[in-house]
Amino acid sequence: MAAADGDQRWLVECLTATLDTARDVRAFAEESLRQASLQPGYGAALTKVTINKEVPFGLRQISLQSFSCSSFSKSYVVHTVFFCQTWLHMLDDPAVVCWSFTSWHLAAVLLKQFIKHHWEEQEENFVPPVVSASEKVVIRQHLLTSLDDSNGKIRTAIGMAVAAIGQNDWPEDWPELLSFLLKLIGDQSNGNGVRGALRCLALLSDDLDDECIPKLVPELFPSLYRIISSPHLYENSLRAKAVGIVHSCISMLGSMSGVYKRETLSLMTSMLDPLMEQFSLILNSPVLSQNPDDWSMQLEVLKCLLQLIQNFPRLPEAKISAILAPLWQTFVSSFKVYHLSTIQASEDVDSIGYDSDGSERSIESFGIQLFELWTTIVGNSLLAKVIAGNIKELVYYTISFQQITEEQVQNWSRDANQYVADEDDVTYSCRVSGALLLEEIVTAYEDFGIDSILEALQICFRESCELKQAGSADWWRLHEASLFALGSLSEHLCEAQDCGYNVRDLLEKMVIDIMGTGVQQYPFLHARAFSVVAKFSSLISKGICEQYLCNAAQAIASDVPPPVKVGACRALAQLLPESNQSSVQQNIMGILSSLVDLLRQASEETLHLVLETLQSAIKSGGEQSTSIEPVISPIILDVWAQNIADPFISIDAVEVLEAIKNAPGCLQPLVSRILPTIGSILSKSKIQPDGLVAGSLDLLAMILKNAPAAVVKAVFDTCFTFIIQIMLVSDDHGEMQNATECLAAFISGGREELLVWGGEPGSTLKMLLSAASRLLDPELESSVSLFVGSYILQLILHLPSHLSPHIPELIAAIVRRMQSSDIAGLKSSLVVIIARLVNLSAPNVDQFVNLLLAIPAQGYGNSLAYIMSEWSQLQGEIQGAYQIKITTTALALLICTRHPELSRIEVNGLLVKTSAGITTRSKARVTPDHWTKIPLPSKIFSLLADTLAEIQEQVGDDADNVCEEDSDWEEVQNGDGIPHDMMYAASVPSNANLSVEHLNAMAKVFDEDEDDSYDDDLAKTDSLNEVKLLDFLTNTFVNLWESDRPLFEYLLQGLTNPQKVAVEKVLRK
C-alpha cells in the first residue's frame, strides 16, 4: 500500500468504503467517487490503482468497478479517514476478502460501461464529462503494459478494457495497439502476456476491416497456429479463442472476396493445409459430455468450416473433403451425448452455459451448429457429391436429433401457448435446424434425396416399433420425430407421390399405428399425427382423413392433454373444407359448440389457433352457421374488444366475423349487432381507449367490403359523418389509415347513390373531398396518407363527372404531398393517380399535359417537370399488376402525344459508378449517387421497352422455355441466380394475350407478398384493366415506328441490347 500515494491513496480509501456493510458508509463513499469523477485525472488514478500490484486484489478489482462511477473531489479526503480504519478491520474478515475475489466480473462489466459512457462524445450513450486526450494516453499506456498481469481475473478485466477502448481509438488514435498485441502473442516466454493479448484480440477481432486483415493475417496466423497446435502449452479455452480469431479473419476475408478475389484466395490457400490438419485433430476427439468446456474448440472449428465453405466454395475439394470423416465422428458422438443428456435427460447436469458474448453454449446449440454446417456442405455442389454415399445415414441421424427433448415435454405439457408458439414461430432448435437440412437434401439431390429420406424414415419407424414391443417408455419419440420430418417435407413428398414414389403406404402405416395407442399416455404423438394428416390430406386415403376428422372433433370436446387439442384444431382447420360436406354437416354444430367452449379457455397463442379453426368451421358450416350466429358473434366481438391492443388476435377475430358475415343469412343480424356499438364508439372517438377507434374502423371496412347497397347505406347513416370527423381531426396513424379504407369502401359500394344519401345536395361530395384534402396535406406525416391512392382512385372511377371540376386542385395537392414525402410507396401510389388521370383524358392527352404545365411546382418550372422526374424514377418500384398496367399505358399515351414540352424535360438516366470496390455507408455519405441526364421521351421509351421485355420473358414461347431449361438449371446449380421465367413460368400461359392473370404472374416479380384486397376491387371495376398490355405496347411501338420514323430511330439508339431485341421482336410481327 506504500506505493499508492496522493490521489491513489485517497481513491483506495474511497473504494475500501464501498465494501462497508453499513449502508450510510457505502452511500457516502459512492457519492464521493461520483463527485470525484468530475475532476481531471480520475480515470488515470483508477488505472494506476488497477495495475498497482501492491494494492490488494479485491481493491484493484473494485477500482475497475469504480471506473463506471462519475466522481473525484479532494474536499472529501477529510471525510474518508474513518474509511481506512474500517478497512483495516475488514482485511481480517475472511468473508469480505472472499467477496472481493468474486467481484471481478462485475468490475469488468462496469469498466466497459464507463468507457461507453465517457470515452467518446460522439457515442450515442455518452455521459459528460469526456476523458481528455492526455488522460486517454496515460490510461491506454498503463492498461496495455498490464495485459500480462499474473492474476487471470485482473488480466481478463484489463483485456476487456483495452478492447473497449480499442473499438473507439484504434487505429487512428492508437496505431500501436495491434503491433503490441502481435508482439505479446508471439512472445512464447511470456505465457501470461500471450493469454492477455489473445483475449483482447478475440474481443477486437470482429472490428477488423478490409484494410487491416490482409496485412494482419500473415503476421498473426503463425502465432495463432502455434497456440492452436500446442495443447501441451495452452489450455483449451485459450486455444478456442485462437480458433475464434481465425474464424473472424476468415469471415472478413470472405466479405472481401467479391472485390479482392485473387488476394483473399491466396491468403486462404496459404493457411488451409495447416488449418485442416489441426481441425481434423480437434474434430477427431469425440464429444463425450454435455459440458461446454469439453467441446468449445470443436464448436469454434465448426464455425470456421462454415465460413470457409460459404465464402470460398471453390476451394480445392480434396482439402475440404479431408475434414468430412472427423466431422462425421463429431456428429455421431455428439448425438449420443445429446440423446442421453437432452432427449432422455438421464444426466442430472446443468447443460446450458454462456460465452463472453452472452450466446448460449449447450449441447443443443452445438447440434444446431453442426446442422448449419451440414446444410452448407449439402448446398455446395462439389462437396455434395463427396457425401452422396452417406446421405441416408445423415438423414437417419438428423431425424434422431429431431426427437422431442424431455425439457420440451415438460414445458409444452405445462403451457400449451408455448407449444403453439414453438411450432409456429420456427424456434431455434435441433428440430428446426434438422428440418432445414432435410429440405436442402431434397433440393440438392432431388430423386436420390427423396429415396434416401424415405429409406431413413422406414428405418426410424421400424426402430420405434421395435422399441415399443420391447417395452421402452420412449419409443414414441422416434415415431413422432419421423412424422415431424415428414411434415416438414410435405410439399416435396406430395409431389413425389405424384411422380411415382410410394409415400402414401409408409405414411398411412405410421398414422394408423398411432390410432391404437393411448391419447393420455402419448399426447405429443397424437398431436403430431393430427398435424401430419392435415398436411398430407390430399395424399392420404379419404377413409383415414375422415377418421382423423372424427377423432379431432372428439378430442376438442374431451378431457385430453392440451397438445392433443392443439393438434386436433390444426387437423380441423385443414380437413373441414376438404371433407365430404354431408358428413361435415352432421357434426358441424358439435364442432362449433366445442370450439366456442375452447375459445373461452384459450389465451395468447392458443387463441390464434382456436380462432383460425373456428373460421374454417364456420366456412364449412353452410346454413347451419346461421343458427349459431347469435351464440358465436357476441363471443367473438368480446374477444375482439378485449384484445384490441393486440393486432394479431384482433385481426383473427375480424376474420372470424367476416366468415360469419359471408355465411348464408348471417350478414343482416351481424350488422344489426355491430352497428349500434360501433356508431357509439365513433361518435365519441376522443375518449375511447387506445386502439379501439382504429379497430372499430377496421371492423367497419370489413363489413362494407362487397356488401349490398342496403348494408352500405345502413352503415353510412350511422357512421359516415363520424368517420369524416375523425379524418379531419385525428393524428393517429391507425385511425387515419382505417378511416381511409372505410371511405374507399363507401364509394365502391355506394357509387353515385352515395351522394344523395347525405340529405343536403353536395354535402357528401364536399365531405369526401375534404377528407382527400386532409390526406394530401403536406404537413401530415407520410405514413398517415399511405392509403390515399386507393381512395382517390375510387373517386376517379366511380364519381368521375363530379370530380372533374376539382382535378386542377387535386393535382396541385398531389404534387405538394409528393414533395413533402420521403416514402417511396406513398409517392408511387400518387403516381398511379396521375397515370389514371392520363388514361381518363384520352384521346386528349395533350390537353392534360397542358394542364400539368399550368400548375406550378416548388423548385421546378411546372408540375409536369416534377411529376415526370419522380415518375421516371419510381416506375420500376411500382407494385401490383393493376398499378403496373395503369402506369405503363399512361406512359405510352404520353410519349405518343409527342408534345414538345416532353423533350425539354431532362430526367435521370443511368447511374454513374464513381469509385471501385465496395460502396460502404461512409463512402455513400461522402460520394452520393450521380446519374446521367437524358430527355424524358428517351426515358419513357426505355421504361416501355423494359416492360415489354419483361412480358415477353414471362409469356415466351413454350419451345424457347424448353430449349433453355437445361442451361437455366445449370446456372441455378452453379449459383448464378434464378431466372424469372423459371420462377413463374408455370403460372403464365404461353399465349401472348396478357390478361389479368398473366399480369399477376409478372407482378409477382415485383411484389410476392402484397395484400391488395382493395386493389383487387379496383381491378374488377376499372375497365382499363381489360386492356391486353402486350397488345397495347405492341401497337404503341408500331405506331411510333410508322408515324415518326426519325424519332423512333433516335429513341431506339438509347436502348440496351435486350431492350432493342424486345422492341424489334414486336416490329417483326
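Scroll up to find the structure this text is about.
Colleague: Which parts of the structure should I look at to understand the packing of helix 33 (residues 624-642) against helix 34 (residues 647-662)?
Modeller: Relative placement of two packed helices is described by the angle separating their axes and the distance separating the axes. Between helix 33 and helix 34, the shortest axis-to-axis distance is 9 Å and the interhelical angle comes to 160°. Regarding the angle of helix 33 to helix 34, the classification is roughly antiparallel. When you trace helix 33 past helix 34, the crossing you get is left-handed. On the side of helix 33, the interface is formed by Glu629, Ile632, Ser633, Ile636, Leu637, Val639 and Trp640, while helix 34 contributes Ile649, Ser650, Ala653, Val654, Val656, Leu657 and Ile660. When grouped by side-chain class, the residues that make up the contact of helix 33 with helix 34 number 11 nonpolar, two polar and one charged.

Colleague: I tried to follow the packing of aromatic side chains on my own but got confused; where do I start?
Modeller: Two aromatic rings are characterised by how far apart their centres lie and by the angle between their planes. As enumerated under the stated definition, the model contains 28 aromatic pairs in all. Judged by centre distance (6.0 Å) and plane angle (75°), the rings of Trp328 and Trp374 are edge-to-face. With Trp328 in helix 17 (residues 324-343) and Trp374 in helix 18 (residues 363-379), this residue pair connects regions lying 46 residues apart in the sequence. Assessed through its relative accessible area of 3%, Trp374 is described here as buried. Grouping aromatic residues by their ring pairs yields a cluster made of Trp328, Phe331, Phe335, Tyr338, Phe371, Trp374, Tyr396, Tyr397 and Phe401. One residue, Arg140, lies across the ring of Trp174, its end atom 5.7 Å from the ring centre. A cation over a ring is seen here: Arg1045 above Trp1041, with NZ or CZ 4.1 Å from the ring centre.

Colleague: Help me understand a nonpolar patch on the surface in this model?
Modeller: There is a patch of nonpolar side chains on the surface, built from Leu786, Phe787 and Ile823 and spanning about 200 Å² of accessible area. As for its position among the elements, Ile823 is in the loop between helix 43 (807-819) and helix 44 (824-841).

Colleague: Just to check I follow, could you spell out helix 21 (residues 406-414) for this structure?
Modeller: Because an α-helix packs 3.6 residues into every turn, residues spaced three or four apart end up facing the same way. All of the buried residues in helix 21 are Gln408, Val409 and Trp412. Considered in projection along helix 21, the buried side chains sweep an arc of 105° and stay on one side of the axis. Buried residues in helix 21 make contact with helix 22 (416-424), helix 23 (430-445), helix 25 (475-488), helix 28 (523-535) and helix 30 (562-575).

Colleague: When you look at unusual backbone geometry in this model, what are you seeing that I'm missing?
Modeller: Working note: non-glycine residues mostly have negative phi, and peptide bonds are mostly trans. Here the residue pair Ala842 and Pro843 is connected by a cis peptide bond, since its omega of 10° sits within 30 degrees of zero. Structurally, the position occupied by Pro843 is in the loop between helix 44 and helix 45 (845-854). A positive phi angle, near 55°, is found at Arg751, a position not held by glycine. Structurally, Arg751 is set in the loop between helix 38 (733-750) and helix 39 (754-757). Arg751 gets classed as partly exposed once you look at its relative accessible area, which sits at 38%. One non-glycine residue, Arg898, lies in positive phi territory at about 50°. Here Arg898 is to be found in the loop between helix 47 (881-897) and helix 48 (900-903).

Rules used in this analysis
Within each chain, residues carry numbers counting from 1 in the order of the written sequence. It should be noted that, the model being predicted, local features are given only for residues of pLDDT at least 70 and side-chain atom pairs only at 80 or more, the latter also being counted only at that level, while totals for whole chains, interfaces and linings use all residues. Hydrogens and water molecules were not included; the side-chain quantities draw on all heavy atoms of the structure. Orientation is described by axes fitted as lines to C-alpha atoms, over the contacting stretch for helices, and by angles from 0 to 180 degrees between their N-to-C directions. Labels follow the DSSP assignment, with helices taken as runs of H or I lasting at least four residues and strands as runs of E lasting at least two, numbered in each case from the N terminus. Small angles under 35 degrees read as roughly parallel and large ones over 145 as roughly antiparallel, with 65 to 115 read as roughly perpendicular and the rest as oblique. Definitions for this section: a left-handed crossing has its near helix turned counterclockwise from the far helix by less than a right angle. A right-handed crossing has that turn clockwise. What makes two residues a contact is simply this: any of their non-hydrogen atoms within 4.5 Å. Note on residue classes: Ala, Val, Leu, Ile, Met, Phe, Trp, Tyr, Cys and Pro are nonpolar, Asp, Glu, Lys and Arg are charged, and everything else, Gly too, is polar. Each aromatic pair joins two rings of Phe, Tyr and Trp (for Trp, the six-membered one) with centres within 6.5 Å, and gets the label stacked for planes under 30 degrees apart, edge-to-face for over 60, and tilted for any other angle. Three exposure classes are used, based on accessible area relative to the maximum for each residue type with a 1.4 Å probe and protein chains only: buried under 20%, partly exposed in between, and exposed over 50%. Only lysine NZ and arginine CZ atoms are considered, and such an atom sits over a ring when it is within 6 Å of the ring centre and within 35 degrees of the ring normal. Grouping into patches uses exposed residues only, defined as over 30% relative accessible area, and leaves out salt-bridged ones; the cut-off is 9 Å for like charges and 5 Å for nonpolar side chains (Val, Leu, Ile, Met, Phe, Trp, Tyr). Per-residue and other accessible areas follow the Shrake-Rupley method at a 1.4 Å probe size, with only the shown protein chains counted as cover for residues. A carboxyl oxygen of Asp or Glu within 4 Å of a side-chain nitrogen of Lys or Arg is what we treat as a salt bridge. To be clear, the arc concerns the directions from the helix axis to the C-beta atoms.

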